[in-house]
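An overview of the molecular structure
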Amino acid sequence: MSGLFISFEGIDGAGKSTHIAALAQAFEAQGRAVTLTREPGGTPLAEALRALVLHEAMDPLTETLLVFAARRDHITRVIAPALAQGRVVVCDRFSDATFAYQGGGRDFDWDVLRVLENWVQARDQIASAVEPGPDVLQPDLTLWFDLPAAVAAQRLVGARVPDRFEAQPSGFFEKVSAGYARRCAQSPSRFARIEAHMSAESVWQQVLASVRAKGWLS
Ligand code: TYD
């Protein structure tokens, strides 16, 4: 069985978490081995970098380099080996988040992000036997939880102590959303846009329908 790589994306407060866990369970219930992971993070080194990115002040280039460094470690140690074993990798965020947050939110140069992505995700630079595919490793499906920034902000009120991103004003998240929309427009067949302002049950049905449309779940 060939590996599957599914990412979840969206602004903070979009409500991805419960659906990520539910999708992992749905695959397991059908006998698939699942690797549930997240970015930045997913390895000890990448989790250490995550703590820095979420809590230490730094300029946008430093932030960008750290999320890509974390991604590189995550790909080589976790994602690529899991895909090579035929597992389903369900990942809370991947490089679309860098284009949305650093590119959109922080106004960091989109072309530089593309260069970094081409390096970090280059299939021929990943040692473990990744299956044949496009030159640059990308998810097979990206579930983009789209909702108005104001609705997401309302959901986060009082939820927890905000990190460096959650503490941003809503204008930042409008720019992040625009970054996701741009990324979606560039790879429409990879993206499924989920209307995330709807009820949890409706959102789950949209998630299931998007995955079933690919023929991956019955
Ligand atoms: P998030 O995935 O929302 O986790 P939690 O639910 O635990 O808060 O937090 C990760 C944050 O990191 C989120 O605000 C987006 C940000 N981020 C980037 O800025 N760039 C990236 O490349 C990635 C993967 C995440």
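Residues numbered from 1 in each chain as written. Predicted model: local features only at pLDDT ≥ 70, side-chain atom pairs only at ≥ 80, totals over all residues. Heavy atoms only, no water.

**What to know about the overall build of the chain**
- For the chain, the helix and strand inventory stands at eight helices and five strands.
- For the chain, the N- to C-terminal ordering of α and β elements is β-α-β-α-α-β-α-α-β-α-α-β-α.
- For 218 residues, the compact-globule estimate of 2.2 N^0.38 gives 17 Å, and the C-alpha radius of gyration of the chain, at 16 Å, lies within 12% of that figure.
- The C-alpha extent of the chain, read off along each of the three principal axes, is 45 × 40 × 30 Å.
- Across the 218 residues that make up the chain, the buried fraction comes to 53%.
- Split by element, the accessible area of the chain, about 9800 Å² in all, is 56% carbon and sulfur. (Helix = DSSP H or I, 4+ residues; strand = E, 2+ residues; numbered from the N terminus. Rg over C-alpha atoms; globule rule 2.2 N^0.38 Å. Buried < 20%, exposed > 50% of the residue type's maximum accessible area, 1.4 Å probe, protein only. Areas by Shrake-Rupley, 256 points an atom, 1.4 Å probe, with all protein chains shown as cover.)

**Things to note about the pairing of strand β3 (residues 88-92)**
- Taken across its five residues, β3 has five buried, putting it largely inside the fold.
- Because side chains alternate across β3, one face comprises the buried residues Val-88, Val-90 and Asp-92, and the other comprises Val-89 and Cys-91, equally buried.
- Looking at chain direction, strand β1 (residues 4-10) and β3 are connected through five bridges and run parallel. The residue of β3 that forms the bridge with Phe-8 is Asp-92.
- As judged from the five bridges shared by strand β2 (residues 34-38) and β3, these two strands associate in the parallel manner. The partner of Thr-35 across the bridge, within β3, is Val-89. (Pairing = 2+ DSSP bridges.)

**Digging into the site of the ligand**
- Among the 16 residues in the neighbourhood of the ligand, the closest are listed as Asp-12, Arg-50, Arg-93, Thr-98 and Gln-102.
- Measuring from an oxygen atom of the ligand, one finds a side-chain N or O atom of Arg-50 at 3.1 Å.
- When the free accessible area of the ligand is taken as 550 Å², the share hidden by the protein chains comes to 91%.
- For the shell around the ligand, the secondary structure elements donating two or more residues are α2 (44-55), α3 (60-84) and α4 (95-105).
- Of the residues forming the shell around the ligand, the biggest block, four residues, is contributed by α4.
- Taken together, the residues that form the shell around the ligand break down as six nonpolar, two polar and eight charged. (Near = heavy atom within 4 Å. Polar contact = N/O pair within 3.5 Å; in protein donor to acceptor, adjacent residues only side chain to side chain. Nonpolar A, V, L, I, M, F, W, Y, C, P; charged D, E, K, R; others polar.)

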